[in-house]
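# An overview of the molecular structure
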Amino acid sequence: MLRRMGVVCLCLLVCAALAACGREAESTFVGEIVAIQDKAAMIAVEAGQPMEKSGDRVAVQLPEGESWKPGDWVEVGYSGDIMESDPLQVKVSYVKKIS
């Protein structure tokens, strides 16, 4: 009986861990890439976005496999807190080109 309870608890723990790994973006913002250095981009946040309350520029890591250039408009999904640095930083979930 005790062993069965241990197995059930272990299964629940593993399921919870797997669910946490697949978390989607909690928030998003739209902006324009204004500069790229290595694999990082400086994004000017579009006016009126909630992110703009914290700052108007965000540094993000760009995913590989796509051609990025200044002037591209992107949607950035992120989770967690906004790091109040200059420029702002976030934990990026995804970056997708919208124009």
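A brief look at the structure comes next. (Residues numbered from 1 in each chain as written. Predicted model: local features only at pLDDT ≥ 70, side-chain atom pairs only at ≥ 80, totals over all residues. Heavy atoms only, no water.)

## Description of the environment of Asp-56
The residue Asp-56 is located in the loop between β2 (40–45) and β3 (57–61) in this model. As for Asp-56 and Val-45, which are separated by 11 residues in sequence, their C-alpha atoms are 5.1 Å apart. Leave out the neighbours within four places in its chain, and Asp-56 touches Ile-43, Ala-44 and Val-45. (Helix = DSSP H or I, 4+ residues; strand = E, 2+ residues; numbered from the N terminus. Contact = heavy atoms within 4.5 Å.)

## A look at the environment of Ala-35
Along the chain, Ala-35 turns up in strand β1 (residues 27–37). If we ignore the near neighbours within four places in the chain, the residues touching Ala-35 are Ala-40, Ala-41, Met-42 and Pro-70.

## As for the side chain of Asp-72
Summarising the element assignment, Asp-72 is placed in the loop between β3 and β4 (73–83). One polar contact links the side chain of Asp-72 to the main-chain amide nitrogen of Lys-69, over a distance of 2.9 Å. (Polar contact = N/O pair within 3.5 Å; in protein donor to acceptor, adjacent residues only side chain to side chain.)

## Side note on the pattern of salt bridges
Inspection of the entire model under this criterion finds 5 salt bridges. The closest approach of N and O atoms between Lys-97 and Glu-66, which form a salt bridge, is 3.7 Å. Residue Lys-97 is located in strand β5 (residues 88–97), and its partner Glu-66 is located in the loop between β3 and β4; the two are separated by 31 residues in the primary sequence. Lys-97 sits in the partly exposed class, given a relative accessible area of 28%. Here Lys-69 makes a salt bridge to Asp-72, at a shortest N to O gap of 3.0 Å. Residue class for Lys-69 comes out partly exposed when judged on its relative accessible area of 49%. Because the salt bridges share partners, they merge into one network encompassing Glu-66, Lys-69, Asp-72 and Lys-97. (Salt bridge = Lys/Arg side-chain N within 4 Å of Asp/Glu carboxyl O. Buried < 20%, exposed > 50% of the residue type's maximum accessible area, 1.4 Å probe, protein only.)

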